[in-house]
Amino acid sequence: MGLELTLAWRNLWRHARRTWLTVGAMVFSNILLVFLISFQFGTYQLMIDNTLSLFTGHIQIQKPGYHQEPRLRDTLNDIQPLAQSMRAQVQGAEFSARAMGFALASSETRSYGVQVVGVQPESEAIVSSLPGLVTRGRYLQDDDTQAVVIGETLARNLKIQPGDELTLLGSGWDGSFAADILTVVGIFSVGVADLERLMIQMPLPRFQETFSLGNRGHSVVAKVNNFEAIPATVNRIQNLTASGLDHNKPLAVLDWNQLQPGLKQAIQTDMASSWFMYGILVILVAFSVMNTQLMSVLERTREFGIVLSLGLRAGRLSKLVMLETALMAGLGMVIGIALGVALTAVLTHTGFTYPGLEEMSQKFNLPGRMYPQLSPLSIILGPAIIFLGSLLAALYPALRVHWLKPVEAMGAV
């Protein structure tokens with residue numbers, strides 16, 4: 001094996017310019033794939049954070065079945081003490097209690113059906129980005145008694161401004177008539193038409209009073225500081241609720257995959273479409289390798305014929321061609337990964353932007369710079385596929401060597 005490795009390495013540099021051109025194509029492709037895949041992972045993380053931080057959260061604690069069919073009566077007792085207990089016993093996460101119902105919201109001239117959400121203003125600002133997206137007026141405060149914030153589209157439909165009154169009519173938890181008059185203190189704009197048109201938020205104590213909930217609520221929303229710690233946090237919460245912490249056993253502890261199944265599907269669809277483009281790049285590199293190795297084999301046909309006539313097995317020559325390809329692809333992979341990681345690591349810390357990104361990001365309460373996300377998978381995935389593609393491309397030149405007849409090969413010019 002040592003002799004074959006030495007011969008393969010020497011054969012690569014018989015035409016150094018051709019070898020370097022092929023290696024250069026591999027290096028460029030590997031740099032591009034390391035950066036683009038890392039950028040994609042970073043974009044997906046930003047997409048997940050943006051979608052979940054708007055309202056859903058990373059984890060929710062609910063009554064079993066509530067997520068599939070939300071009903072006002074499917075409540076958890078002592079919802080605020082439950083959220084407080086979770087804050088004290090689960091490290092690395094923030095919790096906020098919520099209650100949700102439906103009502104008819106009316107101004108002086110118009111009425112629309114809305115989803116009413118009761119929140120804890122101080123903790124809601126930690127688990128959700130919506131409080132930071134109030135464009136007119138202000139968000140709710142803990143000492144508010146009859147305040148409400150509404151979406152931009154609903155405000156336009158109802159023709160109301162901050163300071164105007166809003167009337168709610170609906171049904172209470174016990175079947176009673178729920179009615180309230182609230183003052184609009186803020187209007188939010190989140191870039192999601194359904195939320196801006198259908199959702200309003202009010203302080204949780206006022207919601208409980210209006211809808212006759214007592215101390216009840218519908219969910220405790222959690223935001224985890226480290227995204228990778230979500231499974232461990234879910235297990236921790238399940239263990240706590242199973243031990244009788246909340247008086248509402250059994251509870252459903254749902255992570256973001258269960259709360260937003262369409263989000264993961266969208267990411268998988270985008271990844272599949274991206275790999276179609278990456279596949280074209282891999283095929284181009286593979287054809288470059290096949291062309292290089294085929295030219296190398298054709299140039300050495302007479303040489304191969306001589307050694308075959310001396311008794312060398314054709315399989316060993318084919319193995320030599322494959323070994324040359326592996327060395328060339330390995331060289332391109334090592335250099336490409338090193339340069340790709342260096343470039344991506346710099347951008348991971350500094351980020352990058354383009355004209356218009358900061359203005360667009362401000363509308364959604366997002367950072368104005370994009371940050372790739374390096375990981376072992378993003379580093380090795382693309383270069384490994386190019387390496388394997390190069391070996392597959394070299395099969396045809398290697399088989400041509402295997403099929404050579406010594407007499408015909410020695411007569412080749």
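Preceding this section is the structure that the text describes.
Since this is a predicted model, take the numbers as computed values, not measurements.

Asker: Looking at this structure, how should I read helix H15 (residues 395–402)?
Answerer: Residue pairs three or four apart in sequence face the same way in an α-helix, which turns once every 3.6 residues. Considered for burial, the residues of H15 that qualify are Pro397, Ala398 and Val401. In a view along the axis of H15, the buried residues occupy a sector of 100 degrees, so they form one face of it. Where the residues of H15 are buried, they touch helix H10 (261–299), helix H11 (301–309), helix H12 (314–350) and helix H14 (376–393).

Asker: Teacher, can you tell me more about the packing of H12 against H15 here?
Answerer: Axis angle and axis distance: for two packed helices, these are the angle between their axes and the distance between the axes, and together they describe the pair. Two elements in contact, H12 and H15, have axes whose closest approach is 8 Å; the angle formed by their N-to-C orientations is 160 degrees. Of the possible angle classes, the one that applies to H12 and H15 is roughly antiparallel. The way H12 lies across H15 gives a crossing that is right-handed. Contact with H12, carried on its side by Ala314, Gly315, Leu317, Ser318, Val321 and Met322, involves Leu395, Pro397, Ala398, Val401 and His402 of H15 and no other residues of that element. Here the residues of the contact of H12 with H15 sort into eight nonpolar, three polar and no charged.

Asker: Looking at this structure, how should I read the pattern of salt bridges?
Answerer: Oppositely charged side chains can form a pair if their charged atoms are brought close together. Taken as a whole, this structure holds ten salt bridges when the rule is applied. The closest approach of N and O atoms between Arg316 and Glu4, which form a salt bridge, is 3.1 Å. Note that Arg316 is positioned in helix H12 and Glu4 in helix H1 (residues 2–12), a separation of 312 residues in sequence. Accessibility expressed as a relative area gives 11% for Glu4, which makes it buried. Three or more residues joined by partner-sharing salt bridges are found here, namely Glu4, Arg316 and Lys319.

Asker: Hey, could you run me through the side chain of Arg300 in this one?
Answerer: Considering the arrangement of structural elements, one finds Arg300 in the loop between H10 and H11. A distance of 2.7 Å separates the side chain of Arg300 from the side chain of Ser296, its partner in a polar contact. Those residues within four positions of Arg300 in sequence are excluded, and the remaining contacts are Asn11, Arg14 and Glu324.

Asker: I tried to follow the pairing of strand E1 (residues 59–62) on my own but got confused; where do I start?
Answerer: Taken residue by residue, a regular strand's side chains alternate between the two faces of the sheet. What you see with E1 is no split at all: Ile59 and Ile61 on one side and Gln60 and Gln62 on the other are buried throughout. Pairing analysis gives four bridges linking E1 to strand E9 (residues 219–224), with the strands arranged antiparallel. Paired with Ile59 across the two strands is Ala222, which belongs to E9.

Asker: When you look at a nonpolar patch on the surface in this model, what are you seeing that I'm missing?
Answerer: Together, Leu392, Leu395, Tyr396, Leu399 and Trp403 make up a nonpolar patch on the protein surface, roughly 520 Å² of accessible area in all. Of note, Leu392 is situated in helix H14. For Leu392, a relative accessible area of 58% translates into the label exposed.

Asker: Would you mind showing me how to read the packing of H12 against H14 here?
Answerer: Relative to each other, H12 and H14 sit at 160 degrees, their axes nearing to 9 Å. Judged by the angle between their axes, H12 and H14 are roughly antiparallel. Our pair here, H12 against H14, has a crossing hand that is right-handed. Within the contact between the two elements, H12 uses Met322, Thr325, Ala326, Ala329, Gly330, Met333, Ile337 and Val341 and H14 uses Ile379, Ile380, Pro383, Ala384, Phe387, Ser390 and Leu391. In terms of residue class, the contact of H12 with H14 is built from twelve nonpolar, three polar and no charged.

Asker: I tried to follow H1 on my own but got confused; where do I start?
Answerer: For H1, the full list of buried residues reads Glu4, Ala8, Asn11 and Leu12. Seen along its axis, H1 keeps its buried residues to an arc of 105 degrees; they face one direction. Those residues of H1 that are exposed and angled more than 90 degrees off the buried face are Leu3 and Arg10. Those residues of H1 that are buried lie in contact with helix H2 (16–56) and H12.

Criteria and thresholds
Residues numbered from 1 in each chain as written. Predicted model: local features only at pLDDT ≥ 70, side-chain atom pairs only at ≥ 80, totals over all residues. Heavy atoms only, no water. Buried < 20%, exposed > 50% of the residue type's maximum accessible area, 1.4 Å probe, protein only. Helix = DSSP H or I, 4+ residues; strand = E, 2+ residues; numbered from the N terminus. Arc of directions from axis to C-beta. Contact = heavy atoms within 4.5 Å. Axes fitted to C-alpha atoms, helices over the stretch in contact; angles between N-to-C directions. Parallel < 35°, antiparallel > 145°, perpendicular 65-115°, else oblique. Left-handed = near helix turned anticlockwise from the far one by under 90°. Nonpolar A, V, L, I, M, F, W, Y, C, P; charged D, E, K, R; others polar. Salt bridge = Lys/Arg side-chain N within 4 Å of Asp/Glu carboxyl O. Polar contact = N/O pair within 3.5 Å; in protein donor to acceptor, adjacent residues only side chain to side chain. Pairing = 2+ DSSP bridges. Patch = residues over 30% accessible without salt bridge, like charges linked within 9 Å, V, L, I, M, F, W, Y side chains within 5 Å. Areas by Shrake-Rupley, 256 points an atom, 1.4 Å probe, with all protein chains shown as cover.

None of this, on its own, says anything about what the molecule does.
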